[in-house]
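# Observations on the three-dimensional arrangement
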Amino acid sequence: MAAIRVTAPGGDYDILIEPGLLRRAASWGLRGRVVVITNTTIAPLYGESLARQLDAAVLTMPDGEQYKTLETVAELYAGCVSAGLDRGGTVVALGGGVVGDTAGFVAATYMRGVRLVQVPTSLLAMVDSSVGGKVGVDLPQGKNLVGAFKQPDKVLVDPETLTTLPEREWRCGLAEVIKHGLLADPELLEMASCSQNNTQQAAELVCRAVQVKVDVVQQDPFEQSIRAHLNLGHTFAHAVEQVSSYRWPHGEAVGVGLLAAGRLSHKLGLCGTDLTEQIETILQIVQLPQRLGNLDPELLYEAMHTDKKWQNGNSRFVLLRGVGRAEIVKDVAPEVIIATLKELQ
Ligand SMILES: NC(=O)c1ccc[n+]([C@@H]2O[C@H](COP(=O)([O-])OP(=O)(O)OC[C@H]3O[C@@H](n4cnc5c(N)ncnc54)[C@H](O)[C@@H]3O)[C@@H](O)[C@H]2O)c1
Ligand SMILES: [Zn+2]
């Protein structure tokens, strides 16, 4: 078992990483009325048994990013009232990042806030979205436009749940793991090739990868400085998602986005080709895409203009001088960005 203590504004909390944790929920020591919020995929796999152990109500949302909405939140509020959740109660968010963000937003706002326990079941949620306190939902106008900071009471990770995660989702989570490796922990780049069915190795991978996020959010809980480094590869990724009308899943877009960030870093003289080759090799090993295919570089560049992190349309990238040496680079010439995208076709 591993325990990672996180220091956060509004209270410290622990991340526990332990195979079998979901089967031992009676010992979690949750207080008050408990409501488990999950989705239709996770409920039969883990939700119903968890609710039985906790003597909790289960609220089930449909599966998919398209349900990370205020409408779902309104239905969950109604469910919380019916279940008798009061201010002394606890919301358990059981699922991937979509459930975590939505249930977290419910916990942040229902009765001005109730306790939240995050139980992430996807690799992405384990190493990224369940930690750091950002919760929220999408609007028709864009992703994550409504939200709050809500620190969990604890984050409970059972790596055994990764054995039922669809393989493509596992690989998508690996893109964020590789990002964390590039930002701060080169060994993660070796560890990323482990199997999702090897629970012991997966537990170690999660532990190392989440530690990178913990270190960053502890230093910068409200994203005023280095938390922005977690956007490595994401300016490219968001453009890929948008131009492909979200046919490219986020993680796959992040994979190629990391390579694009590496290539751009090299073009600007920040790093050598050894780094870009290293990124390409690891993407190959874990079977994440290394090329953009038929996505038009000009359209991708246009899409980047609308990125909310670009102030007044002036470019702003997280780039690498090497593994563990990220920095923000502003005002990169459009030709250089487009040339980088063309190279990746
Ligand atoms: N709050 C943050 O800081 C933060 C950070 C990164 C991403 N996010 C958000 O996270 C979301 C993406 O999260 P995600 O990648 O986990 O997607 P997701 O929640 O949609 O989960 C992916 C799929 O895997 C299924 N699944 C999850 N765990 C499973 C398991 N153990 N067994 C079988 N199936 C399982 C889900 O039902 C879903 O179909 C996005 O909405 C994104 O905006 C938030
Ligand atoms: Zn991401």
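Residues numbered from 1 in each chain as written. Chains lettered and ligands numbered in written order. Predicted model: local features only at pLDDT ≥ 70, side-chain atom pairs only at ≥ 80, totals over all residues. Heavy atoms only, no water.

It is the contact of helix H9 (residues 250–267) with helix H10 (residues 273–285), at a shortest axis distance of 9 Å, that shows an interaxial angle of 170°. One way to sum up the angle between H9 and H10 is to call them roughly antiparallel. Together, Gly 255, Leu 258, Leu 259, Gly 262, Arg 263 and His 266 of H9 and Thr 273, Thr 276, Ile 279, Glu 280 and Leu 283 of H10 make up the contact between the two elements. (Axes fitted to C-alpha atoms, helices over the stretch in contact; angles between N-to-C directions. Helix = DSSP H or I, 4+ residues; strand = E, 2+ residues; numbered from the N terminus. Parallel < 35°, antiparallel > 145°, perpendicular 65-115°, else oblique. Contact = heavy atoms within 4.5 Å.)

This part covers the site of ligand 1. Within the structure, ligand 1 sits among 26 residues, and Glu 65, Gly 97, Thr 121, Ser 122 and Thr 164 are positioned closest to it. Within the side chain of Asp 63, a nitrogen or oxygen atom sits 2.8 Å from an oxygen atom of ligand 1. The separation between an oxygen atom of ligand 1 and a polar main-chain atom of Gly 97 is 2.8 Å. Protein contact buries 85% of the 860 Å² of open area that ligand 1 shows by itself. Tallied by class, residues from the shell around ligand 1 come to seven nonpolar, ten polar and nine charged. (Near = heavy atom within 4 Å. Polar contact = N/O pair within 3.5 Å; in protein donor to acceptor, adjacent residues only side chain to side chain. Areas by Shrake-Rupley, 256 points an atom, 1.4 Å probe, with all protein chains shown as cover. Nonpolar A, V, L, I, M, F, W, Y, C, P; charged D, E, K, R; others polar.)

Moving on, we come to the coordination of the zinc ion (ligand 2). Protein-derived ligands of the zinc ion (ligand 2) are Glu 176 (OE), His 234 (NE2) and His 250 (NE2), with the metal-ligand distances lying across 2.1 Å. Residue classification places Glu 176 among the buried positions, given a relative accessible area of 0%. Exposure remark for His 250: the relative accessible area of 22% places this residue in the partly exposed category. (Donors = N, O, S within 2.8 Å, 3.2 Å for Na, K, Ca; no water. Buried < 20%, exposed > 50% of the residue type's maximum accessible area, 1.4 Å probe, protein only.)

A few words now on the domain arrangement of the protein. Segmenting the protein into domains produces domain 1 (2–165) and domain 2 (222–343). Computed from C-alpha coordinates alone, the two centres of domain 1 and domain 2 are separated by 30 Å. In this assembly, seven residues from domain 1 lie in contact with six residues from domain 2. When domain 1 packs against domain 2, the two sides together hide about 560 Å² of surface, and 57% of this comes from carbon and sulfur. Among the residues domain 1 hides against domain 2, the three largest losses belong to Lys 134, Lys 143 and Phe 149. Together they make up 59% of the total. For the pair domain 1 and domain 2, the interface holds one salt bridge. Notably, a salt bridge pairs Lys 134 with Glu 223, separated by 2.6 Å at the nearest N-O pair. Our enumeration of links across domain 1 and domain 2 arrives at two residue pairs in polar contact (both at pLDDT 80 or more). Split by residue class, the side of domain 1 that touches domain 2 holds three nonpolar, two polar and two charged. (Domains from an automatic or database assignment. Buried area = accessible area lost by both parts, 1.4 Å probe. Salt bridge = Lys/Arg side-chain N within 4 Å of Asp/Glu carboxyl O.)

This next bit is on the packing of aromatic side chains. For the coordinates displayed, the defined rule picks out five aromatic pairs. Consider the rings of Trp 310 and Phe 317, whose centres lie 5.6 Å apart with planes at 70°: the pair is edge-to-face. A relative accessible area of 2% means that Phe 317 is categorised as buried. Among the aromatic residues, those joined into a cluster by ring pairs are Phe 236, Tyr 301, Trp 310 and Phe 317. (Phe/Tyr/Trp six-rings, centres within 6.5 Å; stacked < 30°, edge-to-face > 60°.)

Okay, helix H7 (residues 199–219) next. Between its first and last C-alpha atoms H7 spans 30 Å; for 21 residues at 1.5 Å apiece the expected length is 30 Å, and the two agree. Considered for burial, the residues of H7 that qualify are Thr 199, Ala 202, Ala 203, Leu 205, Val 206, Ala 209, Val 210, Val 212, Lys 213, Val 214, Val 216 and Val 217. Considering only its buried residues, H7 is in contact with strand S1 (2–6), strand S2 (13–17), helix H4 (123–129), strand S9 (154–157), helix H5 (167–184) and helix H6 (187–191). (Expected span 1.5 Å × (residues − 1).)

Let us look at the sheet that holds S2. Read from one edge to the other, the open sheet built from seven strands follows the order S1-S2-S9-S6-S5-S3-S4, with strand pairing classed as mixed. For this open sheet the edge positions go to S1 and strand S4 (57–61), each flanked by a neighbour on one side alone. The average angle at which neighbouring strand axes cross in this sheet is 20°, direction not considered. Examined bridge by bridge, strand S3 (residues 34–39) and strand S5 (residues 90–95) share four bridges and lie parallel to one another. Note that in S5 the partner of Ile 37 across the bridge is Ala 93. (Pairing = 2+ DSSP bridges.)

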